[in-house]
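# Commentary on secondary and tertiary structure
This is what each chain is made of:
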Amino acid sequence: MAEGSAGAATAPPRSFIPHGGGVDPERRRRGRTGTAGAALVGAVAVVVLAGPWLEPLFGLAAFGAWRTLLVAIVMQGVPFLLLGTVVSAAIGAFVPARVFSRVLPRNPVLAVPVAGAAGVVLPGCECASVPVAGSLMRRGVAPAAALTFLLAAPAVNPVVLVATAIAFPGRPEMVAARFGASLVTSVVMGWLWIRWGREEWLRLPAARAEHAPGTGRLEAFRRGLQHDFLEAGGFLVVGAMAAATFNVLVPPSVLEAFSGSPWVGVLVAAALAVLLSVCSEADAFVASSFTGFSPTARLAFMVVGPMVDMKLIALQSGAFGRPFAVRFCAATFVVAILCSALVGGVLL
């Protein structure tokens, strides 16, 4: 799909319009996903609460560490996931579609950098950006602009930049490098989607039931919040489980063997960002502890993490479909590494 037409920025694609008559199959599928997500969250909650009794009963010493990491990752993400779903539901219930057509340029090529700059004002993490991006698409925003916002919002907002300055005292160039590499990556990805993205890769968010005639705005907000939080929460748990499992199974000595080479160190640090799935508000403190890695490698960790990690891949798969998540996350990973190497080579 090439998004070259100006109308793509304002007119909702065909996938947004519910079918007439009967129950929309996509809506049924998303309803089942939300139910499965709620069941998964509940099951993990039971396992976590029962951990103190399960560990001595079955001799699972590593289970305690896994449980602690899982809870830490989920607790990091849930507040910002809630923020994102609140913003998403508010956009769907209270913001008319015409607002976005007035704020964003009609040309998607110009809308992409504007959307990247808009990411500066939202103090959230990657968990918050996915439902917000989905809501923007439902309101008629061009997918390229919404995806640019998805990548930029958790990476260049003031909270993340202040945290980076605190984690690297006396190193303002690290803050500037993170801001520059992250913003360039998000804008480049938006333009790449305009050029090479295809409609069949992206399962655009369907219009939800709260838009039915006669539904009040507050009720629409409640339904949207419930739907997005339950669905995204399940995928957040899946990603957190994968990250916690990696932390427990892979010993630190394996990582130390790769930190000596500058180029290999950049790739390893980027891979760690994907696997560890640290929230963007906290990843600078983790990066500063990687003293064996080069400054550029630590920059790559901070640029890749908010854009591609285990929980974000899971969230994108649930919101936009697996074909999209595989292609988009892989391309973002490569672009983020290249931008980190380029900006790091200049500023660091």
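The text that follows walks through the structure, step by step, so that each part is easy to find.

About the thresholds
Residues numbered from 1 in each chain as written. Predicted model: local features only at pLDDT ≥ 70, side-chain atom pairs only at ≥ 80, totals over all residues. Heavy atoms only, no water. Buried < 20%, exposed > 50% of the residue type's maximum accessible area, 1.4 Å probe, protein only. Helix = DSSP H or I, 4+ residues; strand = E, 2+ residues; numbered from the N terminus. Axes fitted to C-alpha atoms, helices over the stretch in contact; angles between N-to-C directions. Parallel < 35°, antiparallel > 145°, perpendicular 65-115°, else oblique. Left-handed = near helix turned anticlockwise from the far one by under 90°. Contact = heavy atoms within 4.5 Å. Nonpolar A, V, L, I, M, F, W, Y, C, P; charged D, E, K, R; others polar. Core = buried A, V, L, I, M, F, W, Y, C linked by side-chain atoms within 4.5 Å. Phe/Tyr/Trp six-rings, centres within 6.5 Å; stacked < 30°, edge-to-face > 60°. Polar contact = N/O pair within 3.5 Å; in protein donor to acceptor, adjacent residues only side chain to side chain. Salt bridge = Lys/Arg side-chain N within 4 Å of Asp/Glu carboxyl O.

### Quick word on helix α14 (residues 310-320)
- Here α14 lies mainly inside the structure; 9 of its 11 residues are buried.
- Of all the positions in α14, only Lys311, Leu312, Ala314, Leu315, Gln316, Ser317, Gly318, Ala319 and Phe320 are classed as buried.
- Where α14 ends, the next residue or the one after it, Gly321, has phi of about 100°, a positive value.

### Examining the packing of helix α4 (residues 108-118) against helix α6 (residues 143-156)
- It is at 7 Å that the axes of α4 and α6 come closest, and there the two elements cross at 30°. Here α4 is positioned roughly parallel relative to α6, judged by the angle of their axes. In this structure, α4 meets α6 at a crossing whose hand is right-handed. Touching Ala111, Val112, Ala115, Gly116 and Ala118 of α4 are Ala144, Ala145, Thr148, Phe149, Ala152 and Val156, all from α6.
- Here the contact of α4 with α6 is composed, by residue class, of 9 nonpolar, 2 polar and no charged.

### Comments concerning the packing of helix α13 (residues 295-304) against helix α15 (residues 322-347)
- Between α13 and α15, the least distance of the axes is 9 Å, while the angle of their chain directions is 140°. By the angle between their directions, the pair α13 and α15 is classed as oblique. Here α13 runs over α15; the crossing is right-handed. Across from Thr296, Leu299, Ala300, Val303 and Val304 in α13, the residues of α15 making contact are Phe333, Ala336, Ile337, Ser340, Ala341, Gly344 and Gly345.
- For the contact of α13 with α15, the class distribution of residues is 8 nonpolar, 4 polar and no charged.

### Points about the nonpolar core
- Within the largest apolar cluster, 68 residues are counted, with the highest numbers of intra-cluster contacts made by Leu272, Phe301, Val304 and Phe320.
- At 11 residues, the largest contribution of residues to this core is made by α6.
- By size, the runner-up hydrophobic cluster in this structure holds 8 residues, among which are Phe63, Trp66, Ile73 and Ala244.

### Overview of the packing of aromatic side chains
- Across all of its chains, the model carries 4 aromatic pairs by this definition.
- Both rings, one in Trp193 and one in Phe324, keep their centres 5.7 Å apart while their planes meet at 75°; by these two values the pair is edge-to-face. Here Phe324 lies in helix α15 and Trp193 lies in helix α8 (residues 172-196), a separation of 131 residues in the sequence. You'll find Trp193 and Phe324 in the same group, each marked buried.

### What about the side chain of Lys311?
- Considering the arrangement of structural elements, one finds Lys311 in helix α14.
- A polar atom in the side chain of Lys311 sits 3.1 Å from the side chain of Asp309.

### Topic: the pattern of salt bridges
- One pass over the full model with this rule turns up 5 salt bridges.
- The closest approach of N and O atoms between Arg178 and Asp283, which form a salt bridge, is 2.9 Å. With a gap of 105 residues between them, Arg178 in helix α8 and Asp283 in helix α12 (residues 283-288) connect regions that are remote in the sequence. Asp283 shares its class with Arg178; the two are buried.
- Measuring nitrogen to oxygen at the nearest pair gives 3.0 Å for the salt bridge that ties Glu219 to Arg223. You can see Glu219 and its partner Arg223 sitting in helix α9 (residues 217-249), 4 residues apart, about one turn around the helix.
- A relative accessible area of 28% places Glu219 in the partly exposed class.
- Since its relative accessible area comes to 33%, Arg223 is described here as partly exposed.
- Salt bridges here are not isolated pairs; linked through shared partners, they connect Glu219, Arg222 and Arg223.

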